[in-house]
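Coordinate analysis (summary)
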Amino acid sequence: MGIKKLRWEDLSPERWVKGIWIMAAAVAYHAIVFSLLIEVNFLGYFGKMPDWGDLENPKHELASEVYSADGVLLGKYYRENRSPVKFGEISPNVLNALIVTEDTRFYDHSGIDFKGFFAIFYYLIKGDQRGSSTITQQLAKNLYKTRGDSFKGWLGYIPGVSTLLAKTKEWKLAIKLERAYTKNEILTLYLNTVDFGSNSFGIKVASKTFFAGSQDSLTVPQAALLVGILRAPTLYSPILNPKNAINRRNVVLDLMLENGMISQVDHDSYIQKPLGLKYSVENHTQGIATYFRGVLSQFLLTWCKKTGRDLYGDGLKIYTTIDSRIQTHAEEAMEQHMKTIQKRFFKHWEGHNPWRYENKEEIPNFLHDAALKTDRYKKLAEQYPKNKDSIWYFMNKPVAMKVFSWDGEKDTLLSPMDSISYYKHFLHTGFMTMDPYTGEIKSWVGGINYKHFKYDHVKQSVRQPGSAFKPFVYTAALANGYSPCFLVQDSPITFEYEENGKQMVWTPKNADRVYTYDSLTLRRAMAKSINTIAAKVMNMVGIGEVAKYAHRCGIESPLNEIPSLCLGSSDVSVFEMTGSYCTFVNKGIWIEPHYVARIEDHNGNVIQEFIPKTRDAISEEVAYAMVHMLRGGTEEGGGTSQALFQYNVFRGNEVGGKTGTTSNYSDGWFMCITKGLVGGMWVGGDDRSIHFRTSQTGEGSKTALPMFGIFLEKVYQDTALSVERGYFRKPKKMTINLNCPRRPEKEIPDSLEDLEMGDEEDFLGVPLDTSAAVE
């Protein structure tokens, strides 16, 4: 007898229902087990799941923001350019467009839209490809990277299974997110995390990138465009695919019409509108203080390494000492002056190459040697290691490129060798200002254009300061008992010394190659920048003393203790020179130049405040006497800083300054002190061999000083600033004589030991106590 085959039609209704319940129970059982296995990541097969801590404090990359002292956003550091906003700061047009496009039942479900999920099969049969993920599910995917390698587990690498795992995790997370957050909070999190393309993450950055506006004032067409981009940021990019973007925007507008968000009249008007883009992608070469931000990033990366922070993802708020208004004036002054001086330099060398030996002959193979250091040459050398002909073929082959010019960036056709030659003709600059009492750096201009010339000439670059170093020679003299009234003769002096095992002989010459044999006060000698007298003063106090006081005042670079140190032969930076000159204005107290005030986390909690270091460098009397000496640059006859009188900066104001020029006019410096600001600036070629050829064009008073004059005029004319004009603060007690007697000058001895009894007060300004040095 055979077994009777069971047929579906033979089943009773009761058995049908029972069978369905059994099947449902089996599916539910396996679903629960599957869900639990995923939750605990059984044996590592399923990949990890975020815990409740991750849900309550979701971590997504936030751009760290840099602010000026006056509250202006200077720039950002990021991998994903994202700045979060609050729900109330988002335009309702964006919220309406998002909901009707991505999740029409958003306010009705609890994370999973089952109606939409089952409807997807109907639409697939019709050939209409639609997504079934709710906004909350999409948020789970964006926020926790559920499809990334860290969430996969072993099973996640099996095709098909990986999608099932990811979808299941997103469903589970969506339900948890709905329990942890309100609907409005979910919308806010979503709009703060999504990718709009063009390195724009979040609605705030996207609004600025595509429309140069704020997310709270987006119009309906603008909101529709941005929401439309979310489906596929590249396919619907208004930059890469504008036709697709318009079509997608109009689809969103259709949905808004269908759901009663806009009227028919408005809809018909909106779909006719052009995209109306004001496209601008944020990058680190735009905006103000670009060189400063480059230097700041190095400081912050070191700080982050010590503190365990992520500069590019933690959303730090960095508050700097830079004043955006002063910075803008500094950059405008730099551009105005450097544009003028560059034209003069081009004219000066017209028809000739500026790279020269000291004997003024052109340096052979200069461009060839420069080319060997370029990245392009190094890459070609790797590509053609045994074929130099190929390397130089491509180095001399014209290619399309954008080049810097003072009339704006230009598209041109140049060979790499031609571009090296072109750029070597440009002069560069470093310019910094400080508050002398707080040590706060107020402006930082590291070069002429950060996009094309990344090298910072404020702190990274070191160059010979020339006569701008002389104040440290005279500081050592004042600290050792001399006064500004001490007289020294302008006559030759010769030094015999040993350097690197060689016997050397050096006789300093004045800038005009003339010895007057007149006796000048120290103040007038420094004002007129007489080299012989600076050398004699250093000889009187000792080279070691000069180096010591330079370091005390703030010079940190190593100083080669040879006789030419008095004329600024050792390399220093604009950064340390400016900080050192502040010591004179700040009553002899050196205060560390600093540019970060505090750092906060993304919630506004202060992580660290930065307090500058200070130390007593010189006495208050010596400091004020040096201020008096520096004022001599503008007040004494023949003072090298008197070109400042071309600018309206002296009304109700005392100004001191010192120029500096090195051999062959390779470096032009100007250091300036006022009551409210101290500034330092350098101008020169990228290579020391590139420079002007005459004092009329190449001295610091011509190449550097005008920049500060233009800048200071702008600062004083800006009524919104509180930079103080006025007179330098004189100590209550002043024993150093500053009132030099007006009498016939006579030949003065070169050292204190040669003075005759009774002459000390006339020459020193104070009675001489030979038993102890005056400090």
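Just so it is clear, the model here is predicted, and its values are computed rather than measured. Counting starts from 1 at the beginning of each chain's written sequence and moves along it residue by residue. Reporting in this predicted model follows two pLDDT cut-offs: at least 70 for local features of residues, and 80 or more for side-chain atom pairs to be given and counted; totals over whole chains, interfaces and linings ignore these cut-offs and use all residues. For the side-chain quantities, the full set of heavy atoms in the structure was used; hydrogens and water were omitted.

**Thoughts on the overall build of the chain**
The criterion, for reference: What counts as a helix is a DSSP run of H or I of at least four residues, what counts as a strand is a run of E of at least two, and both are numbered from the N terminus. Here, residues are in contact when the closest pair of their heavy atoms is within 4.5 Å. Every accessible area reported is derived by Shrake-Rupley at a probe size of 1.4 Å, with residue values counting cover from the shown protein chains alone.
In terms of helices and strands, the chain carries 27 helices and 18 strands. A separation threshold of at least 6 residues defines the contact pool for the chain, and within that pool the share at least 24 residues apart is 70%. Of the roughly 37600 Å² of accessible surface on the chain, a fraction of 52% belongs to carbon and sulfur atoms.

**Examining the pairing of strand E4 (residues 399-403)**
Quick reminder of the rule: One requirement defines pairing of two strands: DSSP has to find at least two bridges between them.
Judged from the 5 bridges that link them, E4 and strand E5 (residues 410-414) form a sheet pairing that is antiparallel. Bridge pairing links alanine 400 to leucine 413 in E5. Counting the residues between successive antiparallel strands, the hairpin from E4 to E5 contains 6 residues, one of them, glycine 408, with a positive phi of roughly 110°.

**With respect to the pattern of salt bridges**
Using the following cut-off: Here a salt bridge means any side-chain nitrogen of Lys or Arg lying within 4 Å of a carboxyl oxygen belonging to Asp or Glu.
With the rule as written, the count across this model stands at 24 salt bridges. A salt bridge links aspartate 70 to arginine 325; the nearest nitrogen and oxygen atoms lie 3.6 Å apart. Of this pair, aspartate 70 sits in the loop between strand E1 (64-67) and strand E2 (73-77) while arginine 325 sits in helix H13 (residues 324-348), placing them 255 residues apart in sequence. Here the salt bridges share partners, and the residues they tie into one network are Arg523, Arg631, Glu635, Glu636 and Glu654.

**With respect to the side chain of lysine 424**
Assignment of secondary structure puts lysine 424 in helix H17 (residues 416-424). Beyond its immediate sequence surroundings of up to four residues, lysine 424 is in contact with Trp355, Phe366, Ala370, Asp687 and Ile690.

**With respect to the state of the cysteines**
How we decide: Pairs of cysteine sulfur atoms within 2.5 Å are what we label disulfides.
Following the criterion strictly, the structure yields 1 disulfide and no others. Through a disulfide, cysteine 485 is tied to cysteine 740; the S-S separation comes to 2.2 Å. On the sign convention where negative means left-handed, the S-S torsion of about -90° between cysteine 485 and cysteine 740 marks this disulfide as left-handed. With cysteine 485 in the loop between helix H18 (470-479) and strand E8 (487-489) and cysteine 740 in the loop between helix H26 (705-717) and helix H27 (760-764), the pair connects residues that are 255 residues apart, well separated along the chain.

**Points about helix H3 (residues 92-102)**
This is how it is decided: Each residue is assigned to one of three classes by its accessible area relative to the maximum for its type, calculated with a 1.4 Å probe on protein chains only: buried under 20%, partly exposed between the two thresholds, exposed over 50%.
Here H3 lies mainly inside the structure; 8 of its 11 residues are buried. Within the sequence span of H3, burial applies to Val94, Leu95, Ala97, Leu98, Ile99, Val100, Thr101 and Glu102.

**Here we look at the sheet that holds strand E7 (residues 441-445)**
Definition in use: Here an axis means a line fitted to C-alpha atoms, over the contact stretch when the element is a helix, while the angle between two N-to-C directions is reported on a 0 to 180 degree scale.
Read from one edge of the open sheet, 5 strands run E7-E6-E18-E17-E16, paired in antiparallel fashion. On the outer flanks of this sheet lie E7 and strand E16 (656-661), each paired with one strand and no other. Taking the axes of each pair of neighbouring strands and ignoring which way they run, one obtains an average angle of 10° across the sheet. Direction of pairing for E16 relative to strand E17 (residues 667-673): antiparallel, over a ladder of 6 bridges. Bridge pairing in E17 links glycine 656 to isoleucine 673. Relative to the sheet, helix H23 (residues 620-635) contacts E16 and E17, its axis offset from that of E16 by approximately 70°. Along the sheet, H26 contacts strand E6 (427-434), E16, E17 and strand E18 (678-685); its crossing angle with E6, the most-contacted strand, is approximately 45°.

**What to know about the packing of aromatic side chains**
Counted only if it meets this: Aromatic pairs are defined between Phe, Tyr and Trp rings, using the six-membered ring for Trp, whenever the two ring centres lie within 6.5 Å; interplanar angles under 30 degrees are classed as stacked, those over 60 as edge-to-face, and all others as tilted. Distance and angle both matter: a charge sits over a ring if NZ of Lys or CZ of Arg is within 6 Å of the ring centre and within 35 degrees of the ring normal.
Following the criterion strictly, the structure yields 37 aromatic pairs and no others. Measuring from ring centre to ring centre gives 5.1 Å for tyrosine 393 and phenylalanine 394, while their planes differ by 80°; the resulting arrangement is edge-to-face. The class of phenylalanine 394 is partly exposed, set by a relative accessible area of 30%. Measuring from ring centre to ring centre gives 5.2 Å for phenylalanine 404 and tryptophan 406, while their planes differ by 75°; the resulting arrangement is edge-to-face. Judged on exposure class, the residue phenylalanine 404 and its partner tryptophan 406 are both buried. Joined through ring pairs, the aromatic side chains of Phe346, Phe404, Trp406, Tyr422, Tyr423, Phe426 and Phe453 make up one cluster. Over the ring of tyrosine 236 we find arginine 248; its NZ or CZ atom is 5.7 Å from the centre of that ring. Above the face of the tryptophan 590 ring, arginine 615 is positioned so that its terminal group lies 4.1 Å from the ring centre.

**A look at the sheet that holds strand E3 (residues 317-320)**
In space, the 5 strands of this open sheet follow the order E2-E1-E3-E13-E14, with mixed pairing throughout. Each having just a single partner strand, E2 and strand E14 (606-609) make up the two edges of the open sheet. Mean inter-strand twist for the sheet, computed between neighbouring axes without regard to direction, equals 20°. Bridging between E1 and E2 involves 4 bridges; their strand directions are antiparallel. Each residue of the ladder has a partner; that of serine 64, found in E2, is tyrosine 77. The strands touched by helix H12 (residues 290-307) within the sheet are E1, E2, E3, strand E13 (596-600) and E14, with E2 carrying the most contacts at an inclination of about 50°.

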